[in-house]
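If you want the building blocks of each chain, they are given just below.
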Amino acid sequence: DKDTSVLQEAWNALNSVTKTLDVDAQRSHVADVRQALRFAVSELKDGEKLLPGFCLAKGIAPVLPIFRESILNGSPEQKEAAAQGLGEVIKVTSAEALKPSVVHITGPLIRILGDRFVHTVKTAVLDTLAILLDKASAMLKPFLPQLQTTFLKALNDTNRMVRLKAGTALSHLVGIHTRPDPLFNELHSGIKNQHEDFTVRDTYLQALRGCVKNSGDKLSPTIRRGVTATLVSLLSNSEDSTRLAAAGCLGTLLRWLPEEELTPIISDLLVDEQGADWTLKQGKSATVFIVLQESPDVLNTEANKIKLMKVVLSYLNSDRDAVACNGLRSAGLLISLNISKGEVVPVDLLTPFVR
């Protein structure tokens, strides 16, 4: 409803009902609250994303104890459902309305991640913390050290989904850092020193990519140069997934590099070394594709256009499927760029598609 008096009376009624619930009843009603929330959200008009009742002062206070109790003292299944439900509530609440509840929300979630629970619980909690950081990141500054430690620990979890969710959460957390060098350093060290399990190294790379994408301008020159060198060296790694993760990270990083660091890398990417190992070609071709997708102006300059087209065509004609697929994607992006700028698409770029 849009009427403030109606919203306030509805809030008072909900508050009166939830206050009558003891702790056992609170845990048992998580599913009911989530279903009621879905019904309320379904009534929102197109374009509306916030639930007006939850945007009142202390708007989520009536339902917060239900989720909090289940997160702290419920069964693993109840913890998971409560964390997911809390994330759903945060999504439809304004940042201003969340302000009085941030401490009550964040504390229990951090506490749960510090204990040993099944991966589904950790995944749900990390998801909710990422949603909260996205919605009200500035309010979480007091928790920054705890969150960073918690997320970095989760980045080493045995479960891949937990690691990926931790990386996503870190990419939101880096935005409220004024001096994120220690975080970037931890991620860089994790990439360099992870020798036992390449899948953990790959998720470190993905986490670094997320952090660089959102806050690459915060990298100090020393760490930036070290990270760049490591990523370039991984483009020819023996593991396919590591090559692709490093290429993605490097492709995202390039737009943040100063001219003197960017130029030699671009020159290297645009050289088609006929005798080069195919794994290196795959790494380079994937990097070219990511740059064209995320920051095409870094690569598609007037001075580089001919070289870029030649190297993309060479990838397109590769006898290795992985390299050819990257060439195909890059060619598609180049054609799209030409069309969007009102430029004529070079015939050489179209020829492979009409054979």
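Residues numbered from 1 in each chain as written. Predicted model: local features only at pLDDT ≥ 70, side-chain atom pairs only at ≥ 80, totals over all residues. Heavy atoms only, no water.

1. Concerning the layout of surface pockets
Test applied: Throughout, the protein atoms alone are placed on a 1 Å grid, and a set of points is a cavity if a 1.4 Å probe fits but cannot get out or a pocket if it is open with protein on both sides within 12 Å along at least five of seven lines; lining residues have an atom within 4 Å of a point. Grid points are joined across faces, edges and corners, and a volume is the space filled by probe spheres set on the points. Under the scheme used here, helices are H or I runs from DSSP no shorter than 4 residues and strands are E runs no shorter than 2 residues, and both carry numbers assigned from the N terminus. Under the convention adopted here, Pro, Cys and the residues Ala, Val, Leu, Ile, Met, Phe, Trp and Tyr are nonpolar, Asp, Glu, Lys and Arg are charged, and Gly plus all remaining residues are polar.
The computed volume of the largest pocket comes to approximately 660 Å³. In this structure, the largest pocket is lined by 29 residues; those nearest its centre are Leu14, Ala40, Leu51, Gly53 and Phe54. Where the lining of the largest pocket is concerned, the elements lending two or more residues are helix H1 (4-19), helix H3 (30-42) and helix H4 (64-73). When its residues are assigned to classes, the lining of the largest pocket shows 19 nonpolar, four polar and six charged.

2. A few points about the nonpolar core
Our working rule: Here, nonpolar core means buried Ala, Val, Leu, Ile, Met, Phe, Trp, Tyr and Cys residues that are tied together by side-chain atoms lying within 4.5 Å of each other. Think of it in three bands: residues with accessible area under 20% of the maximum for their type are buried, residues over 50% are exposed, and the middle band is partly exposed, with areas taken using a 1.4 Å probe on protein chains only. Any two residues having at least one pair of non-hydrogen atoms within 4.5 Å are treated as being in contact.
Counting residues in each nonpolar core, the largest one holds 100 residues, and the members touching the most others are Ile105, Leu147, Phe151, Leu170, Leu187, Leu254 and Leu308. Considering each element in turn, this core owes the most residues, nine residues, to helix H8 (residues 119-136). Dropping the residues within four chain positions of it, phenylalanine 151 is found in contact with Leu126, Leu129, Leu133, Ala166, Ala169, Leu170 and Leu173.

3. Here's the deal with the environment of glutamate 43
Position of glutamate 43 among the secondary structure elements: in the loop between H3 and H4. Considering only alpha carbons, one finds glutamate 43 and lysine 192, 149 residues apart in sequence, at a separation of 50 Å.

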